[in-house]
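Residue-level structure breakdown
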Amino acid sequence: MSEWYPTTEPISLPDLARSAGDGTRVTVIGAGNWGTTFAKIVADGGHPVTLGVRRQEHADEINESHRNTAYLPGINLPESISATASLEEAVTGADLVFLSVPAQSARENIEEFKPFLGGDASIISLMKGVERTTGMRMSEVISEVAEIPYDRVAVASGPNIALEIAREQPTAIVVASSSQELAVRVARLARNSYLRTFVNPDVIGTEFGGVLKNLIALAIGIADGVGFGENTKASIMTRGLAEITDFAVAMGAARETMMGLAGLGDLIATCMSPLSRNFTAGRLLGQGYSYQDVTGRMAQTAEGLRSVESILVIAGEHRVPMPIVTQIAAVLEGRMHPAELAPHLATDNESGDRE
Ligand SMILES: NC(=O)c1ccc[n+]([C@@H]2O[C@H](COP(=O)([O-])OP(=O)(O)OC[C@H]3O[C@@H](n4cnc5c(N)ncnc54)[C@H](O)[C@@H]3O)[C@@H](O)[C@H]2O)c1
Ligand SMILES: O=P(O)(O)OC[C@H](O)CO
């Protein structure tokens, strides 16, 4: 690492050939799609991982069969992942605690494990939502609830469809923190033969990139469910990128971050993958299911559904126009027919048709 605070793409870490084999104790809380996959990433990089799960039978399956069939069917997990249903056991003595639960339950989860958190431990958010009641980013929730300084918090984001990574298909991820030391430390752990890790000091952009692309993926899913083709989807993605970039920049993000892996990269992956839960939720809406039907049918977390309202409130406070997200809200609330969404997207600019 020769540089920090890049002005364009996040810096890659080609020089991180050496292992972080320094005895760092790693815990991942949340054994859903992403938490389990992330534990596999770290374990495949050569570091034992403790995985905090909610149910004992789930821990038993991971420890005995090295499988998590509910979330990662067909995937064999490394034996160096050990699961526990005890938060005390998972968090006591951990140096790095990765948190991968639904954003709306982050606060209660942190409150539960806070008593066991060591004085020097850092927490890394793997989540891509904002807290609905406060509009706070997950890094802010972590710092506030765990009562740790912001430089002991990091976030990781990027084009990271869990099942693809669990199948060891190559991809990249961005780690951001206000502490360069922490970002690099995390990057050294979260890397292996199929995951290339980049670092970026722009926590706001890295975090909002992950939150906001979910909303555009909902819109793409709606368009797909309605039966619109690739021109429509390309228009939504392109205008969507402009819209979420304006929002993120107004919130203090670097524009370059939104053009990198945590912005454009994740937008493409989520909008194009049938494995995306946000895309899937949008498609169900486009097919005519109501918000209640969709949330009832989704067995896994589609963060975008719970972020729309908060993002629009924040956008209103900062006077950032968000025509696509506004229309998604209208569809979610049953005020707009899904088929009406795309034509509105093409003519959303109040100052005329200028792009
Ligand atoms: N799945 C992906 O491809 C992916 C990739 C990158 C980031 N993420 C983000 O990671 C976070 C977790 O997503 P996921 O895909 O692992 O979700 P998931 O629905 O697959 O799993 C959620 C996990 O959280 C646990 N959990 C703990 N407390 C909970 C509570 N109070 N209510 C409900 N579940 C609770 C569940 O038991 C489950 O193990 C989300 O913010 C998501 O946006 C997901
Ligand atoms: O399945 P989704 O829609 O939550 O997306 C998963 C990841 O965020 C893609 O990077």
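Quick summary incoming for the structure in this document. Just so we're clear, the structure is a prediction, and the values are computed from it rather than from any experiment.

Looking now at the site of ligand 2. As a structural note, the neighbourhood of ligand 2 is formed by Lys128, Gly158, Pro159, Asn160, Ile161, Lys213, Asp266, Thr270, Ser276, Arg277 and Asn278. One of the backbone N or O atoms of Asn160 is found 2.9 Å from an oxygen atom in ligand 2. Here an oxygen atom of ligand 2 sits 2.7 Å away from a polar atom, N or O, in the side chain of Ser276. Contact with the protein chains covers 91% of the free accessible surface of ligand 2, which is 310 Å². Most atoms of ligand 2, that is more than half of them, are within 2 Å of grid points of the largest pocket. Breaking the shell around ligand 2 down by element, the ones donating at least two residues are helix 11 (261–272) and helix 12 (277–286). Here the shell around ligand 2 is built from residues that sort into two nonpolar, five polar and four charged. Each of two domains, domain 1 (11–201) and domain 2 (205–346), supplies a minimum of three residues to the shell around ligand 2.

Below, the discussion takes up the site of ligand 1. Asn33, Ala162, Arg277, Thr301 and Glu303 are the nearest of the 23 residues found near ligand 1. For ligand 1, a nitrogen atom lies 3.5 Å from a polar atom in the side chain of Ser105. Contact between ligand 1 and Thr301: an oxygen atom at 2.6 Å from a side-chain N or O atom of the residue. For ligand 1, the protein covers 88% of the area, taking 820 Å² as the surface of the free molecule. Of the pockets mapped on this structure, ligand 1 occupies the largest pocket. Among the secondary structure elements, those contributing two or more residues to the shell around ligand 1 are helix 1 (33–44) and helix 4 (106–113). Looking at which element gives the most residues to the shell around ligand 1, the answer is helix 1, with three residues. Considering only residue class, the shell around ligand 1 consists of nine nonpolar, nine polar and five charged. Both domain 1 (11–201) and domain 2 (205–346) contribute no fewer than three residues apiece to the shell around ligand 1.

Thresholds applied
Residue positions within a chain follow its written sequence, with the count starting from 1. Written order determines the labels here, with chains lettered from A and ligands numbered from 1. Under the rules for a predicted model, residues below a pLDDT of 70 receive no local features and side-chain atom pairs below 80 are neither given nor counted, while totals for whole chains, interfaces and linings still include all residues. Hydrogen atoms and water are omitted, and side-chain values are computed over all heavy atoms in the structure. Only heavy atoms are used to decide nearness, and a residue is near a molecule or strand if one of them lies within 4 Å of it. Whenever a nitrogen or oxygen atom comes within 3.5 Å of another N or O atom, the pair is scored as a polar contact, on the condition that within protein one atom can donate a hydrogen and the other can accept it, and that pairs from neighbouring residues in sequence are kept only if both atoms are in side chains. In these tables, accessible area is a Shrake-Rupley quantity obtained with a 1.4 Å probe, and a residue counts as shielded only by the protein chains included in the view. Grid spacing is 1 Å over the protein atoms alone, the probe is 1.4 Å, and a cavity is where that probe fits but cannot get out, while a pocket is an open set with protein on both sides within 12 Å along at least five of seven lines and lining residues have an atom within 4 Å of a point. The rule for placing a molecule in a cavity or pocket is simple: more than half of its atoms must lie within 2 Å of the grid points. The numbering of helices and of strands both runs from the N terminus, where a helix is a DSSP run of H or I of at least 4 residues and a strand a run of E of at least 2. Residue classes follow a fixed rule: Ala, Val, Leu, Ile, Met, Phe, Trp, Tyr, Cys and Pro count as nonpolar, while Asp, Glu, Lys and Arg count as charged, and any other residue, Gly among them, counts as polar. The domain limits used here are those given by an automatic or database domain assignment.

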